[in-house]
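Residue-level listing of the chains:
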Amino acid sequence: MKRRALLVSNSTLYGSGYLEHCQEQITKFFGDKVKRVLFVPYALHDRDAYAKTAREKFESLGYGLDSIHEAPNPVEAVRKAEGIFIGGGNTFRLLKALYDHNLVSEVQSRVFQDGIPYMGSSAGTNVATVSISTTNDMPIVYPPSFKGIGLIPFNINPHYLDADPNTQHMGETREKRIEQYHEEPGTPPVLGLREGSMLLVEGDKATLLGTTPARLFIRGKKATEHQPGTDFSFLLTGKLA
């Protein structure tokens, strides 16, 4: 399988600039064969400003960047792309735009059949999974489906937060919400990516990268903690460890 994906929890880590915490992984991921990256800014309202931020960062890393919102034909832009980066923002807005422009199957095809690298951050990571059902975002718009691009056969919860034992807030924790998701039959595993973590998928191999551990939720099982460097390839095969 040609699939390659870098799925990042967050674009900005406290104390650092935009994508600074993962820029080493970005350059290793896109390598020197990719010269220009196609950026998808649909998750934010001000697409011009978002593209400017992403372009400045990628150019500093040695890559040209074209924003899909500036392309006369978004489908053709995906078909010609050397690599794709879908940025964060509101996941519902992003997925609706991807469906509106007929891009879900196009991106899937380019990654699986042509092997072009796909990078997602936050919302861009959410839409790469089975569905956006485990996003943290508010449904400010209504996409025709919650079904994602399906680059991996499980879900991710970016920006995963642990319960604070010192808080007086008695609302639901992130873990409790994921447990509620798994009360529904047939729901896939959910990988909780904390700030600073990311998942590298290369073919049938998946590895946790970054500086923070991830929390894995599998329906009917107790949640487990996993350190950077963990091999999550079993999640790609469906043979759950």
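Rules behind the numbers
Residues numbered from 1 in each chain as written. Predicted model: local features only at pLDDT ≥ 70, side-chain atom pairs only at ≥ 80, totals over all residues. Heavy atoms only, no water. Helix = DSSP H or I, 4+ residues; strand = E, 2+ residues; numbered from the N terminus. Contact = heavy atoms within 4.5 Å. Areas by Shrake-Rupley, 256 points an atom, 1.4 Å probe, with all protein chains shown as cover. Lys, Arg positive; Asp, Glu negative; His and termini not counted. Charge placed at Lys NZ, Arg CZ, Asp CG, Glu CD. Buried < 20%, exposed > 50% of the residue type's maximum accessible area, 1.4 Å probe, protein only. Pairing = 2+ DSSP bridges. Core = buried A, V, L, I, M, F, W, Y, C linked by side-chain atoms within 4.5 Å. Phe/Tyr/Trp six-rings, centres within 6.5 Å; stacked < 30°, edge-to-face > 60°. Polar contact = N/O pair within 3.5 Å; in protein donor to acceptor, adjacent residues only side chain to side chain. Axes fitted to C-alpha atoms, helices over the stretch in contact; angles between N-to-C directions.

Notes on the overall build of the protein chain
What the protein chain contains, in helices and strands, is eight helices and 11 strands. Overall, the C-alpha framework of the protein chain stretches about 45 × 35 × 35 Å when taken along its three principal axes. For the protein chain, the proportion of contacts with a sequence separation of at least 24, taken over those separated by at least 6, is 68%. Approximately 11400 Å² of the protein chain is accessible, and the part contributed by carbon and sulfur atoms is 51%. Positive and negative side-chain charges in the protein chain, numbering 27 and 27 respectively, have mean positions lying 4 Å apart.

So, the pairing of strand β1 (residues 4–8)
A large share of β1 lies buried, amounting to four of its five residues. Pairing analysis gives five bridges linking β1 to strand β8 (residues 197–202), with the strands arranged antiparallel. Bridge assignment links A5 to a residue of β8, and that residue is V201. The pairing of β1 with strand β5 (residues 118–121) spans four bridges and is parallel. Opposite L6, over in β5, you have M119 as the bridge partner.

Overview of the nonpolar core
Within the largest apolar cluster, 46 residues are counted, with the highest numbers of intra-cluster contacts made by L98 and Y118. If one sorts the elements of this core by residue count, helix α4 (residues 91–100) sits on top with five residues. In terms of nonpolar packing, the next biggest core, distinct from the first, is built from 22 residues, L19, F30, Y50 and A54 among them.

A few points about the packing of aromatic side chains
The way to describe two aromatic rings as a pair is by their centre distance and the angle between their planes. All told, the structure shown has 10 aromatic pairs when counted by the stated rule. The interplanar angle of 75 degrees and the centroid separation of 5.9 Å between the aromatic rings of F92 and F146 together place this pair among those described as edge-to-face. Of the two residues, F92 sits in helix α4 while F146 sits in the loop between α6 (123–126) and β6 (155–157), which places them 54 residues apart along the sequence. Overall, F146 belongs to the partly exposed group, its relative accessible area being 38%. In this structure an aromatic cluster arises from ring pairing among F29, F30, F39, Y50, F58, Y63 and F85.

Quick word on α4
Among all positions of α4, only T91, F92, L94, L95, A97 and L98 are buried. Residues of α4 that are buried make contact with β2 (36–40), α2 (47–60), β4 (84–86), α5 (104–114) and α6. Of the residues flanking the start of α4, the one acting as N-cap is N90, its side-chain oxygen 3.0 Å from the backbone nitrogen of F92. Directly beyond the C-terminal end of α4, a positive phi value near 60 degrees is found at N102.

Remarks on the side chain of T207
Topologically, T207 is positioned in strand β9 (residues 205–210). Beyond its immediate sequence surroundings of up to four residues, T207 is in contact with M198, L199, L200, G229 and T230.

Section: the environment of G150
Among the structural elements, G150 can be located in the loop between α6 and β6. We classify G150 as partly exposed; its relative accessible area is 26%. Residues G150 and L191 lie 41 residues apart in sequence; the distance between their C-alpha atoms is 15 Å. Residue contacts for G150: discarding those within four places in its chain leaves Q108, F112, V127, A128 and T129.

Things to note about the sheet that holds β8
In space, the seven strands of this open sheet follow the order β3-β2-β4-β5-β1-β8-β9, with mixed pairing throughout. Two strands close off the open sheet at either side, each with one partner strand: β3 (64–67) and β9. The sheet shows a mean angle of 20 degrees between the axes of neighbouring strands, taken without regard to direction. Contacting β1, β2, β4, β5, β8 and β9, helix α1 (residues 23–30) crosses the sheet at an angle of about 170 degrees to β1. Across the sheet, α2 touches β2, β3, β4 and β5, and the angle it forms with β3 is around 165 degrees.

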